[in-house]
Amino acid sequence: VQLQASGGGLVQTGGSLRLSCAASGSIFSINAIAWHRQAPGKQRELVARVSRRGTTNYAESVKGRFTISGDNAMRTVILQMNSLQPEDTAVYYCNAEDLSVVEGYWGKGTQVTVSS
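Report on the accompanying structure. (Residues numbered from 1 in each chain as written. Predicted model: local features only at pLDDT ≥ 70, side-chain atom pairs only at ≥ 80, totals over all residues. Heavy atoms only, no water.)

Description of the pattern of salt bridges
Line of reasoning, step 1. All chains considered together, the criterion is met by 5 salt bridges.
Line of reasoning, step 2. In this structure, the salt-bridge partner of Glu97 is Arg49, at a minimum N-O distance of 2.9 Å. One end of the pair, Glu97, is in strand 9 (residues 90–98); the other, Arg49, is in strand 5 (residues 45–51), and 48 residues separate them in sequence.
Line of reasoning, step 3. Looking at Glu97, the relative accessible area reads 22%, which means it is partly exposed. (Salt bridge = Lys/Arg side-chain N within 4 Å of Asp/Glu carboxyl O. Helix = DSSP H or I, 4+ residues; strand = E, 2+ residues; numbered from the N terminus. Buried < 20%, exposed > 50% of the residue type's maximum accessible area, 1.4 Å probe, protein only.)

Some points on the packing of aromatic side chains
Aromatic rings considered in pairs are described by the distance between their centres and by the relative angle of their planes.
Line of reasoning, step 1. Scanning the entire structure with this criterion turns up 1 aromatic pair.
Line of reasoning, step 2. Their ring planes at 80 degrees and their centres at 6.5 Å tell us that Tyr93 and Trp106 sit as a pair that is edge-to-face. Residue Tyr93 is located in strand 9, and its partner Trp106 is located in strand 10 (residues 101–106); the two are separated by 13 residues in the primary sequence.
Line of reasoning, step 3. Classification of Tyr93 as buried rests on a relative accessible area of 18%.
Line of reasoning, step 4. Classification of Trp106 as partly exposed rests on a relative accessible area of 34%.
Line of reasoning, step 5. Between Arg44 and the ring centre of Tyr93, over which it is positioned, the NZ or CZ distance is 4.1 Å.
Line of reasoning, step 6. Across the ring face of Trp106, the terminal group of Arg44 is positioned such that the distance to the ring centre comes to 4.6 Å. (Phe/Tyr/Trp six-rings, centres within 6.5 Å; stacked < 30°, edge-to-face > 60°. Lys NZ or Arg CZ within 6 Å of the ring centre and 35° of its normal.)

What to know about the nonpolar core
Line of reasoning, step 1. Core analysis: the biggest nonpolar cluster contains 31 residues, and Trp35, Leu79, Met81 and Tyr92 have the highest contact counts within it.
Line of reasoning, step 2. Breaking this core down by element, the ones donating at least two residues are strand 1 (2–6), strand 3 (17–24), strand 4 (32–38), strand 5, strand 7 (66–70), strand 8 (76–81), strand 9 and strand 11 (110–115). (Core = buried A, V, L, I, M, F, W, Y, C linked by side-chain atoms within 4.5 Å.)

Some points on the pairing of strand 8
Line of reasoning, step 1. Sheet topology places strand 3 next to strand 8; 6 bridges connect them, and they run antiparallel. By the bridge assignment, Leu17 is partnered in strand 8 with Met81.
Line of reasoning, step 2. Where strand 7 lies against strand 8, 5 bridges are found, and the strand directions are antiparallel. Residue pairing across strands places Thr67 opposite Gln80, the latter belonging to strand 8.
Line of reasoning, step 3. Counting the residues between successive antiparallel strands, the hairpin from strand 7 to strand 8 contains 5 residues, one of them, Met74, with a positive phi of roughly 65 degrees. (Pairing = 2+ DSSP bridges.)

Here it is, written out as structure tokens:
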């Protein structure tokens, strides 16, 4: 499985960005795709997750501002980020969960910077 993340950039406080994660390869084995982020000096954290069945989960800090969506085939997952705050600044990574692969698959990160 290969993951291609895109859509990061620089935005002002209160602005919006849309991240996309495109999966290719043996995507039939993916049971969920999640977005994680890592800010400088901090640990990587889960931001949002969507399962093949459409179940979604969000970090408390992004609830009501971010929306994750994906197609049933897990080919593309979108993270719509609204009302962005400086504390959302981080490198965002998409991760495809596969029950037979311990850490799943990771794409290269995309930088999101929110200026105050």
